[in-house]
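One-letter residues, chain by chain:
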Amino acid sequence: MSDNRPTRRMAHYVAEADEGGLGAVDAVRVSERKSNLWLDAWRDLRGRWMFWTAGVFVVILVIIASFPDLFAPVDPFACSLSDSNAGPREGHPFGFNFQGCDVYSRVVHGAGTSLSVGILVTIIIAAMGIVIGAFAGFFGGWIDSLLMRIGDMFFAIPYVLAAVVIMSMFLDNRNILVVSLAIGFFGWPAVARILRAEILRVRSADYVMASEALGVSRVRTMFSHVMPNSIAPVIVLSTVGLAAAITAEATLSFLGVGLPPEFISWGNDIAQAQIRLRTDPMPLIYPSIALSLTVLSFIMLGETVRDALDPKARALR
């Protein structure tokens, strides 16, 4: 028998997407911040007072080195023995050295020399270290062994001592370029080793192996994928190395084998002022303070950039 009773139909209720919470899961977050190594590093750096302090001082130093006459209109070579060891007066806030030269003007003009040597040395070291370290780390094998053994030989030679020997051979032809080459030629092994280690780490990444599987040449893979992800430690080391290069130039000039006396250099001024240190220490103290603050600023800048580019260091803070 058939049942003629009316069948009760169940009402179906479909919840709105917003009520179930699925819309929030399925929605594409178009407003989410982009993230990569450099953006994360910048977000970390802009909140650190040490970065801004060092950065502002470096910017001021670059401006002073580029336009010294705006900050010290007195000619640093205008010396008069009648002003020998004279104290500060109007227009001459740091007084005079034993040759009668304005100490403030020489400190200001010496910034350009020190910064020029530091930049040139950093470029030389970074260029040699990047090329040698990249080929050693990416290609490996006998190329790696050969380049690293050459680096070991350079590591065994103290680069300041080697620069002293080289500069002793060019006493009649000393200038900023010669001093920079003498310092930079022996400073590349550290950069090469650090870059090699980073490339060995990045070389086994999935995206590098995928690039090679797609038929991309090894050289293109190195410059397109491996190098951009390995260069961060080199930037940090170059920033700190610039401070070391400025110190090395001052050391060579202080020893008398760096820049000749006709070049205004903090090292030259310190060397000339040491003979009257007991009677008049101020001509030595002023360039020493300028040298110390410059080196300290670049070291602080390098330290903060290193911490910002290291994800593990950011995670610990």
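**Some points on the overall build of the chain**
Then comes step 1: Broken down by element type, the chain carries 16 helices and zero strands.
Then comes step 2: Counting all 317 residues of the chain, 41% fall into the buried class.
Then comes step 3: For the chain, the proportion of contacts with a sequence separation of at least 24, taken over those separated by at least 6, is 70%.
Then comes step 4: Taken as a whole, the chain presents about 18500 Å² of accessible surface, with 65% of it coming from carbon and sulfur.

**Points about the pattern of salt bridges**
Then comes step 1: Tallied over the full model, the rule gives nine salt bridges.
Then comes step 2: Linking aspartate 152 and arginine 193 is a salt bridge whose minimum nitrogen-to-oxygen distance equals 2.2 Å. Placement of the pair is aspartate 152 in helix 7 (residues 141–155) and arginine 193 in helix 10 (residues 189–203), with a sequence separation of 41 residues.
Then comes step 3: Among the residues examined, aspartate 152 registers a relative accessible area of 29% and is labelled partly exposed.
Then comes step 4: A residue is classified by how much of its surface remains accessible, and arginine 193, at 30% relative accessible area, is partly exposed.
Then comes step 5: A salt bridge links glutamate 198 to arginine 201; its shortest N-O distance comes to 2.8 Å. Of the two residues, glutamate 198 and arginine 201 are both situated in helix 10; the distance of three residues between them amounts to about one turn of the helix.
Then comes step 6: A single network of salt bridges, built from pairs that share partners, joins Arg48, Glu303, Arg306 and Asp307.

**Some thoughts on the nonpolar core**
Then comes step 1: Counting 31 residues, the largest nonpolar core has Trp266, Leu291 and Phe298 as its most contacted members.
Then comes step 2: Among the elements that make up this core, the one with the highest residue count is helix 15 (residues 282–308) (ten residues).
Then comes step 3: Aside from chain neighbours lying at most four places away, what touches leucine 291 is Ile246, Ala250, Trp266 and Ile270.
Then comes step 4: In terms of nonpolar packing, the next biggest core, distinct from the first, is built from 27 residues, Val117, Ile183, Val191 and Met227 among them.

**What about the packing of helix 8 (residues 159–168) against helix 13 (residues 232–255)?**
Then comes step 1: As a packed pair, helix 8 and helix 13 sit with axes 11 Å apart at the nearest point and diverge in direction by 45°. In terms of axis orientation, helix 8 runs oblique to helix 13. For the pair helix 8 and helix 13, the crossing hand works out as right-handed. Residues Tyr159, Val160, Ala163, Val164 and Met167 of helix 8 touch helix 13, and the partners they reach there are Ala244, Ala248, Thr251, Leu252 and Leu255.

**Structural notes on unusual backbone geometry**
Then comes step 1: Positive phi, normally seen in glycine, also occurs at asparagine 85, with a value near 60°.
Then comes step 2: Following the sequence through the fold, asparagine 85 ends up in the loop between helix 5 (68–71) and helix 6 (103–139).

**What about the environment of isoleucine 166?**
Then comes step 1: Relative to the helices and strands, isoleucine 166 resides in helix 8.
Then comes step 2: Of the residues examined, isoleucine 166 reaches a relative accessible area of 22% and is grouped as partly exposed.
Then comes step 3: In this structure the C-alpha to C-alpha distance between isoleucine 166 and valine 179, which are 13 residues apart in sequence, comes to 9.0 Å.
Then comes step 4: Discounting residues that sit within four places of it in the chain, isoleucine 166 has contacts with Ala182 and Phe186.

**Topic: the environment of threonine 304**
Then comes step 1: If you trace the backbone, threonine 304 turns up in helix 15.
Then comes step 2: We classify threonine 304 as buried; its relative accessible area is 1%.
Then comes step 3: Residues threonine 304 and tryptophan 52, spaced 252 residues apart in sequence, show a C-alpha to C-alpha distance of 9.8 Å.
Then comes step 4: Threonine 304 has contacts with Leu45, Arg48, Met50 and Phe51, leaving out every residue within four places of it along the chain.

**Examining the side chain of serine 105**
Then comes step 1: Here serine 105 is to be found in helix 6.
Then comes step 2: Classification of serine 105 as buried rests on a relative accessible area of 0%.
Then comes step 3: Apart from residues lying up to four places away in sequence, serine 105 is in contact with Ala72, Val74, Asp75 and Pro76.

Conventions adopted
Residues numbered from 1 in each chain as written. Predicted model: local features only at pLDDT ≥ 70, side-chain atom pairs only at ≥ 80, totals over all residues. Heavy atoms only, no water. Helix = DSSP H or I, 4+ residues; strand = E, 2+ residues; numbered from the N terminus. Buried < 20%, exposed > 50% of the residue type's maximum accessible area, 1.4 Å probe, protein only. Contact = heavy atoms within 4.5 Å. Areas by Shrake-Rupley, 256 points an atom, 1.4 Å probe, with all protein chains shown as cover. Salt bridge = Lys/Arg side-chain N within 4 Å of Asp/Glu carboxyl O. Core = buried A, V, L, I, M, F, W, Y, C linked by side-chain atoms within 4.5 Å. Axes fitted to C-alpha atoms, helices over the stretch in contact; angles between N-to-C directions. Parallel < 35°, antiparallel > 145°, perpendicular 65-115°, else oblique. Left-handed = near helix turned anticlockwise from the far one by under 90°.

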